[in-house]
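Analysis of the macromolecular model
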Amino acid sequence: MPTTVKNVLDAKGYAVVAVDPSKTLQQVAEILNEKKIGAVVIVGVEQRIAGIFTERDLVRSIAKHGCDVLSETVRSVMTTTIQHCRLEQTVDEVMAMMTAGRFRHVPVEKDGQLAGIISIGDVVKSRMQEVEMEAEQMKAYIAS
Ligand code: AMP
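Each residue is numbered by its place in its chain's sequence as written, counting from 1. Only residues with pLDDT of 70 or above have their local features reported here, since the model is predicted, and side-chain atom pairs are shown and tallied only from 80 upward, although totals for entire chains, interfaces and linings are computed over all residues. Processing note: side-chain calculations cover all non-hydrogen atoms of the structure and skip hydrogens and water entirely.

**Description of the site of the ligand**
Definition of nearness: a residue and a molecule or strand are near each other if at least one heavy atom of the residue lies within 4 Å of the molecule or strand. Taken together, 14 residues are adjacent to the ligand, and Thr54, Asp57, Thr79, Arg104 and His105 come closest. Pairing of N or O atoms within 3.5 Å defines a polar contact, subject to two protein rules: one partner must be a possible hydrogen donor and the other a possible acceptor, and residues neighboring in sequence count only if both atoms are side-chain atoms. One of the side-chain N or O atoms of Asp57 is found 2.5 Å from an oxygen atom in the ligand. The separation between an oxygen atom of the ligand and a polar side-chain atom of His105 is 2.6 Å. Computed by Shrake-Rupley with a 1.4 Å probe, the accessible areas treat only the displayed protein chains as cover when residues are assessed. Contact with the protein chains covers 93% of the free accessible surface of the ligand, which is 480 Å². In DSSP terms, a helix is any run of H or I states spanning at least four residues, a strand is any run of E spanning at least two, and both are numbered starting from the N terminus. Contributing elements (two or more residues each) for the shell around the ligand: strand 3 (49-54), helix 3 (55-65) and strand 4 (105-110). Of the residues contributing to the shell around the ligand, the split by class is five nonpolar, five polar and four charged. Classes in brief: Ala, Val, Leu, Ile, Met, Phe, Trp, Tyr, Cys and Pro nonpolar; Asp, Glu, Lys and Arg charged; the others, Gly included, polar.

Below, the structure is given as structure tokens:
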């Protein structure tokens, strides 16, 4: 059975660091630093996904507009064309999505609301576990 997004979230947890669109880039930078994460999801009413803002967006914004941009709201610079996934999708599908879109974070949506997040780190961890399990099964098969 292929590993699903639900399998990954059951193991790591469903908590997501989500922020209001009115937060400034300075506040978001502090959150990214404190929580030791690379992205925040911006949510609107009823926990609906409104955007995503990652450390890459922060670097890009500062490079383009200078440090003054830190007082702007995240609403003005977040990515709004978000690709999300569902709980029943496989980790391989999410990995393909990340590769094609060149991003490292995929929010999980359930019933139109933010329900979790999968990062490239979660995908790598999950793939490593699968590879280790396959190797163990192969060893056991050869030994028997
Ligand atoms: P990342 O590699 O996740 O730091 O993101 C690289 C760029 O893609 C940034 O501009 C992000 O805002 C954007 N991005 C990140 N995740 C997603 C996503 N799931 N859907 C669309 N864009 C994204």
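Now, onward.
**A look at the pattern of salt bridges**
Here, a salt bridge means any side-chain nitrogen of Lys or Arg that lies within 4 Å of a carboxyl oxygen of Asp or Glu. For the structure shown, the criterion picks out eight salt bridges. The partner of Lys6 in a salt bridge is Asp10, with the nearest N and O atoms 2.9 Å apart. Of the two residues, Lys6 and Asp10 are both situated in helix 1 (residues 5-12); the distance of four residues between them amounts to about one turn of the helix. Note on Lys6: relative accessible area 40%, which makes it partly exposed. Residue exposure (1.4 Å probe, protein chains only): buried if accessible area is under 20% of the type maximum, exposed if over 50%, otherwise partly exposed. Note on Asp10: relative accessible area 44%, which makes it partly exposed.

**As for helix 2 (residues 25-35)**
Buried residues of helix 2: Leu25, Val28, Ile31 and Leu32, and no others. Summarising the axial view, the buried residues of helix 2 lie within an arc of 115°, below the 170-degree limit, and thus occupy one face. Facing away from the buried side of helix 2, by more than 90 degrees, are the exposed residues Asn33 and Glu34. Looking at the buried positions of helix 2, the neighbouring elements they touch are strand 1 (18-19), strand 2 (39-43), strand 3 and helix 3. Lys36 lies just past helix 2 and shows a positive phi near 55°. To be clear, the arc concerns the directions from the helix axis to the C-beta atoms. By definition, residues are in contact when any of their heavy atoms lie within 4.5 Å.

**Describing the sheet that holds strand 2**
The sheet built from three strands is open, its strands ordered 1-2-3 with mixed pairing. Looking along the sheet, the strands with just one partner apiece sit at the ends: strand 1 and strand 3. By the convention used here, strands pair only if DSSP detects at least 2 bridges between them. Note: strand 1 against strand 2, two bridges, orientation parallel. Its bridge partner being in strand 2, Ala18 is matched across the sheet by Val41. The sheet contacts of helix 2 involve strand 1, strand 2 and strand 3, and relative to strand 2 the element is tilted by about 130°. Throughout, an axis means a line fitted to C-alpha atoms (over the contacting stretch in the case of helices), and angles, computed between N-to-C directions, take values from 0 to 180 degrees.

The values are spatial; any link to function lies outside them.
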